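Spelled out, the chains give:
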Amino acid sequence: MNPPRLIADRIAVSFAGLRALSDVSLELVSGAVHGLIGPNGAGKTTLVNILTGFQAPTAGNYRLDGERLNGLPPHKVRRGGIARTFQGGRLFKDLTVLENLEVAGLGLGLDRGAAEVLAEEVLEWIGIADLADELAGSLPYTDERRVGIGRALVGRPAFILMDEPAAGMSVHEAEALGRLILRIAEERHCGVLVIEHNIGLVLDICSHITVLDSGEIIEAGDPETIRRSEAVRHAYMGTQADIVSDAAVL
Amino acid sequence: MLIVVPIDLFASGVTTRTFTEMFVQMVLVVGLYLFVGNSGVISFGHVGFMCIGAYATAWLTVPPMMKQFTIKGLPEILAQAQLPFLPSVLLAGLLAAAVAVPVGLVLMRLSGIAASIATFAFLAIVNNVYSNWDAWTAGTSSIVGIPTETNIWTSWLFASAAILVAYAYSVSRFGLALRSARDEPVAAAAAGIDMVFQRTIAFVGSAFLCGVAGALYAHFLGVVNPDAFFLSVTFTALAMLILGGMSSLSGAVTGVVFVTLLISLFRTLERGVSVGDASFSLPAGSQEIAIGIAMILVLIRRPAGLIGNREFKWTRSPAKAERRHKPAI
Ligand SMILES: Nc1ncnc2c1ncn2[C@@H]1O[C@H](COP(=O)(O)OP(=O)(O)O)[C@@H](O)[C@H]1O
Ligand SMILES: [Mg+2]
């Protein structure tokens, strides 16, 4: 049997005439980690918004195992097996950590008891079971990120799209996150898309990387290809002073 | 709730009536809380469901003899009906809930503020229909002869039952799902929650309780007319909910008690009190002004209401209302 595939096929979107994405295609395979990098404003979050039903593309389509997903609302995309995390965390702050994950179980149609069992299983698997009864709004940054990932893992989605999960983390914390992402792909057979500015991390954990700049794909390939790419080096040097230090590892 | 016992035994008729009315309002406000508190969408329309419930119980319980004269256009089955109190009140709630299904399916698609405005339009429509539907509602004149079965005991029982229903909803999967969508709609959608569906469920459930409250109120007054279920009740109910704290059941209940006490204090002052030889009274209408001022003061001092989003007994840990702003997706 073929592993599940999530395919974006020549996606384009404009906001009030401004092109945010043009002709963007990529393919996620379950069990593999795919990196999506590019300067701020390149359209990375917009692509994730499209693949999860939050934003309608102006052109192109996206499919899960050959089935078109265009037009599905976000909650149905999630039920169909594509989960995401948010750049800003977006936890339910007044709920406990356990309840945050439980909500994802309810969204899949489970009752509270069954949702709680799944939530506990995921917390245990990530290794943050001790946080279960904490209020999500009181968590430190790093834990917040891991809870957000946990919420996306409930119900064993086939794909998980992560928007800058390591932003603001220390080197040490980012490494731990990298190991968690690899475990998600290997142990849970999940296809992962990870948007990340920490290029060292991306080169370490991804088997395939797509580079966006101004809404267009300027390079795609394995880490070695990206490392050598003149276009990538140029894009990073040219636009973003604050990530020049990241680009230095290229 | 043991206060009911001494009040029933010793207090004057006036106090008993005040408390009976308070319990009826508790059913209404708890019903309103079920939707507003869990969804975060303010509704100005729930008194419309109260109106629907009140007339439904009038159709079902006024003696056929009297209905012949006041509401001549009822179909035979209703014209002949004379149901007992309890089934009639429950049927009244069910009718309100049934009306809430199509209304909810339409309104819950709207965004928060648009939905609130639309609920107000719903209230206006209900008021208009019931004011002009002469054959069934006797227009703006009153329908009399509703058995006055709402006393302090029955109203207390219904208030307790309403609190239990609202609590059961809050801890159910539906309550948790809707609260998640209230606090973070985007993340809730990404977690698979269908917000429109969840809001509609809460809307229908709360319409049921408000319909019951309307029926109880009809059985308290003995008469109904459309304007008894319009702006002034809407204002009082929202004041109770907001003052107590609209995001917790404890807040809703506290708000009802607090505003009831405030209203009866000012009613007494409006009637006049004598201190020694001197007597003075407040001008009529002071009561509404006092509620308005109390609401503003509470909102300034405690924007989340007297109780905030805590619950009295069943709290896991006190919630900090402190919110941090996150970047948009
Ligand atoms: N909803 C929207 N309306 C208008 N413009 C938007 C919207 N979302 C994103 N954009 C624009 O699209 C471009 C890409 O944004 P985004 O996808 O957030 O970039 P990235 O995540 O790569 O930093 C930016 O220029 C941004 O201003
Ligand atoms: Mg982004």
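Given the structure is predicted, the values throughout are model-derived calculations rather than measurements. (Residues numbered from 1 in each chain as written. Chains lettered and ligands numbered in written order. Predicted model: local features only at pLDDT ≥ 70, side-chain atom pairs only at ≥ 80, totals over all residues. Heavy atoms only, no water.)

### Side note on the pairing of strand 2 (residues 18-29) of chain A
Residues and elements named next belong to chain A. Of the strand pairs in this sheet, strand 1 (residues 5-15) and strand 2 are connected by eight bridges, and their pairing is antiparallel. Bridge assignment links phenylalanine 15 to a residue of strand 2, and that residue is leucine 18. Between strand 1 and the antiparallel strand that follows it, strand 2, lie two residues; alanine 16 among them carries a positive phi value of about 50°. (Pairing = 2+ DSSP bridges. Helix = DSSP H or I, 4+ residues; strand = E, 2+ residues; numbered from the N terminus.)

### Considerations on the sheet that holds strand 10 (residues 216-221) of chain A
Residue and element names in this part refer to chain A. The mixed open sheet is built from six strands, whose spatial order is 6-7-8-3-9-10. The outermost strands of the open sheet, each flanked by one partner alone, are strand 6 (82-84) and strand 10. Pairwise comparison of adjacent strand axes, ignoring direction, gives a mean angle of 15° for this sheet. Sheet topology places strand 6 next to strand 7 (residues 159-163); three bridges connect them, and they run parallel. Along strand 7, the bridge assignment pairs alanine 83 with isoleucine 160. The sheet contacts of helix 5 (residues 141-153) involve strand 6 and strand 7, and relative to strand 7 the element is tilted by about 155°. (Axes fitted to C-alpha atoms, helices over the stretch in contact; angles between N-to-C directions. Contact = heavy atoms within 4.5 Å.)

### A look at the interface of chain A and chain B
Interface size, as often reported, equals the accessible area lost upon joining of the parts. Listed by partner, the interface residues are 33 residues for chain A and 29 residues for chain B. When chain A packs against chain B, the two sides together hide about 2900 Å² of surface, and 58% of this comes from carbon and sulfur. Linking chain A with chain B are two salt bridges, by the criterion used here. Taking the shortest distance from any N to any O, the salt bridge between Glu184(B) and Arg90(A) comes out at 3.0 Å. There are six residue pairs in polar contact (both at pLDDT 80 or more) connecting chain A and chain B. (Buried area = accessible area lost by both parts, 1.4 Å probe. Salt bridge = Lys/Arg side-chain N within 4 Å of Asp/Glu carboxyl O. Polar contact = N/O pair within 3.5 Å; in protein donor to acceptor, adjacent residues only side chain to side chain.)

### Describing the side chain of His34(A)
All names here are of chain A. Note on placement: histidine 34 falls in strand 3 (residues 33-37). Engagement of the side chain of histidine 34 in a polar contact is seen with the side chain of threonine 210, the distance being 2.8 Å. Not counting residues within four places of it along the chain, the set of residues in contact with histidine 34 comprises Leu26, Glu27, Leu28, Val192, Leu193, Val194, Cys206, His208, Ile209 and Thr210.

### Things to note about the confidence of the model for chain A
All names here are of chain A. With 94% of its residues at a pLDDT of 70 or more, chain A has an overall mean of 92. Averaged over each element, pLDDT in chain A is lowest for helix 10 (residues 244-247) (48) and highest for strand 6 (98). pLDDT under 50 marks residues 239-245. Its contacts with residues more than four places away, or in other chains, come to eight contacts. (pLDDT = per-residue confidence, 0-100.)

### Digging into the nonpolar core
Ranked by internal contacts, the top residues of the largest apolar core, which has 93 residues, are Met26(B), Val30(B), Phe49(B) and Val224(B). Of all the elements, helix 2 (residues 13-39) of chain B adds the most residues to this core, at 14 residues. Here this core gathers at least three residues from each of two domains, domain 1 (1-7 + 18-229) and domain 2 (238-271 + 281-329) of chain B. Excluding anything up to four places from it in sequence, Val224(B) contacts Ala54(B), Tyr55(B), Ala58(B), Ser141(B), Ser142(B), Ile143(B), Ile146(B), Ala218(B) and Phe229(B). Listed in part, the 61 residues of the second largest apolar core include Val33(A), Ile37(A), Ile126(A) and Ile205(A). (Core = buried A, V, L, I, M, F, W, Y, C linked by side-chain atoms within 4.5 Å. Buried < 20%, exposed > 50% of the residue type's maximum accessible area, 1.4 Å probe, protein only. Domains from an automatic or database assignment.)

### A word on unusual backbone geometry
Residues and elements named next belong to chain A. The backbone phi angle of aspartate 23 is positive, close to 55°, even though this residue is not glycine. The phi dihedral of arginine 90 is positive, around 50°, even though this residue is not glycine. Note on placement: arginine 90 falls in the loop between strand 6 and helix 3 (97-107).

### Observations concerning the site of ligand 1
Residue and element names in this part refer to chain A. If you check the shell around ligand 1, you find Phe15, Ala20, Pro39, Asn40, Gly41, Ala42, Gly43, Lys44, Thr45 and Thr46 and nothing else. Between ligand 1 and the protein, one listed contact pairs an oxygen atom with a backbone N or O atom of glycine 41 at 2.8 Å. Contact between ligand 1 and lysine 44: an oxygen atom at 2.8 Å from a main-chain N or O atom of the residue. Protein coverage of the free-state accessible area of ligand 1, which is 560 Å², stands at 56%. Here the element with the most residues in the shell around ligand 1 is helix 1 (residues 44-51); it accounts for three residues. A class-by-class count of the residues in the shell around ligand 1 yields four nonpolar, five polar and one charged. (Near = heavy atom within 4 Å. Areas by Shrake-Rupley, 256 points an atom, 1.4 Å probe, with all protein chains shown as cover. Nonpolar A, V, L, I, M, F, W, Y, C, P; charged D, E, K, R; others polar.)

### Observations regarding the pattern of salt bridges
Using the criterion set out here, one finds 14 salt bridges over all chains in the structure. Residues joined in a network through salt bridges with shared partners are Asp9(A), Arg10(A) and Arg63(A).

### Let's talk about helix 3 of chain A
Within helix 3 of chain A, eleven of the eleven residues are buried, which leaves it mostly tucked inside the rest of the structure. Where helix 3 of chain A is concerned, the buried positions are Val97(A), Leu98(A), Glu99(A), Asn100(A), Leu101(A), Glu102(A), Val103(A), Ala104(A), Gly105(A), Leu106(A) and Gly107(A). Considering only its buried residues, helix 3 of chain A is in contact with helix 2 (74-79), helix 4 (112-126) and helix 5 of chain A together with helix 10 (173-183) of chain B. Following helix 3 of chain A by one or two positions, Gly109(A) adopts a phi angle in the positive range, close to 100°.

### Some remarks on the environment of Ile193(B)
By secondary structure assignment, the location of Ile193(B) is in the loop between helix 11 (185-190) and helix 12 (195-221). For the pair Ile193(B) and Ser281(B), spaced 88 residues apart in sequence, the C-alpha to C-alpha distance is 55 Å. When residues no more than four places from it in sequence are discounted, the contact partners of Ile193(B) are His75(A), Arg79(A), Val103(A), Leu106(A), Gly107(A), Ala177(B), Ser180(B), Ala188(B) and Gln198(B).

### Side note on the sheet that holds strand 2 of chain A
Residues and elements named next belong to chain A. Ordered by their spatial adjacency, four strands build an open sheet running 2-1-4-5, and the pairing between neighbours is antiparallel. Both outer strands of the open sheet, strand 2 and strand 5 (67-68), are each paired with one neighbouring strand and no more. In this structure, strand 4 (residues 59-64) lies alongside strand 5, joined through two bridges in antiparallel fashion. If you follow leucine 64 over to strand 5, its bridge partner there is glutamate 67. Sitting on the sheet, helix 1 is in contact with strand 1, strand 2 and strand 4, with an inclination near 120° to strand 1.

### A closer look at the packing of aromatic side chains
One pass over the full model with this rule turns up 14 aromatic pairs over all chains. Here the aromatic rings of Phe44(B) and Phe120(B) are separated by 6.1 Å at their centres, their planes lie at 90°, and the arrangement is edge-to-face. Placement of Phe44(B) in the loop between helix 2 and helix 3 (46-61) and of Phe120(B) in helix 7 (residues 112-132) is noted, with a sequence separation of 76 residues between them. Taking the relative accessible area as the measure of exposure, Phe120(B) reaches 40% and is therefore partly exposed. Ring geometry for Trp59(B) against Trp133(B): centres 5.8 Å apart, planes inclined by 80°, an arrangement best described as edge-to-face. On the criterion of sequence distance, the pair formed by Trp59(B) in helix 3 and Trp133(B) in the loop between helix 7 and helix 8 (134-137) is long-range, its members being 74 residues apart. Accessibility expressed as a relative area gives 6% for Trp59(B), which makes it buried. Members of the aromatic cluster, joined through ring pairs, are Tyr55(B), Trp59(B), Tyr130(B), Trp133(B) and Trp136(B). Over the ring of Phe92(A) we find Arg151(A); its NZ or CZ atom is 4.7 Å from the centre of that ring. If you follow Arg188(A) out to its NZ or CZ, it ends over the ring of Trp125(A), 4.7 Å from the centre. (Phe/Tyr/Trp six-rings, centres within 6.5 Å; stacked < 30°, edge-to-face > 60°. Lys NZ or Arg CZ within 6 Å of the ring centre and 35° of its normal.)

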